[in-house]
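# Descriptive structure summary
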Amino acid sequence: MQAVEIYTQPRCGFCTAALRLLAKKGAQVTEIDVSRGPDRRAEMMQRAKGRHTTPQIFVGSTHVGGCDDLFALDASGKLDALLRS
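Residues numbered from 1 in each chain as written. Predicted model: local features only at pLDDT ≥ 70, side-chain atom pairs only at ≥ 80, totals over all residues. Heavy atoms only, no water.

## Remarks on the pattern of salt bridges
For the coordinates displayed, the defined rule picks out six salt bridges. In this structure, Arg47 and Glu5 form a salt bridge, with 2.7 Å as the shortest nitrogen-oxygen distance. In this pair, Arg47 is assigned in helix H2 (residues 38–47) and Glu5 in strand E1 (residues 4–8), connecting sequence segments 42 residues apart. For Arg40, the salt bridge is made with Glu43, and the minimal N-O distance between the two is 3.6 Å. Of this pair, Arg40 and Glu43 both sit in helix H2, three residues apart, roughly one helical turn. Three or more residues are tied together by salt bridges with common partners; here these are Lys25, Asp74 and Asp80. (Salt bridge = Lys/Arg side-chain N within 4 Å of Asp/Glu carboxyl O. Helix = DSSP H or I, 4+ residues; strand = E, 2+ residues; numbered from the N terminus.)

If you want it as structure tokens, here you go:
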């Protein structure tokens, strides 16, 4: 299964929802809390091509996007394949 990295911040409902879906899928997730320093947020924005909202989700080297993007990928049936690739 692909490694998953997710940039989050405390009290973010979208972050919590994304983490729950990924846990349901059995994904190994590395959570990066952007509130722990401006360098983390800058790193996230660079990797996410300027997107500044949390969560920002990466499956392997693929930038999935945010929570809505993750759920859309799952609804289309493509998330499981991405996690397995």
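## As for the sheet that holds strand E2 (residues 29–33)
Taken in spatial order, the four strands line up as E2-E1-E3-E4 in an open sheet, and their pairing is mixed. Bordering the open sheet on either side are E2 and strand E4 (62–65), each of which pairs with just one other strand. Within the sheet, the average angular offset between the axes of one strand and its neighbour, ignoring direction, is 20°. Pairing of E1 with E2 involves five bridges; the strand directions are parallel. Looking at E2, one finds that Val4 is bridged to Val29. (Pairing = 2+ DSSP bridges. Axes fitted to C-alpha atoms, helices over the stretch in contact; angles between N-to-C directions.)

Everything listed here is a matter of geometry and, on its own, says nothing about what the molecule does.
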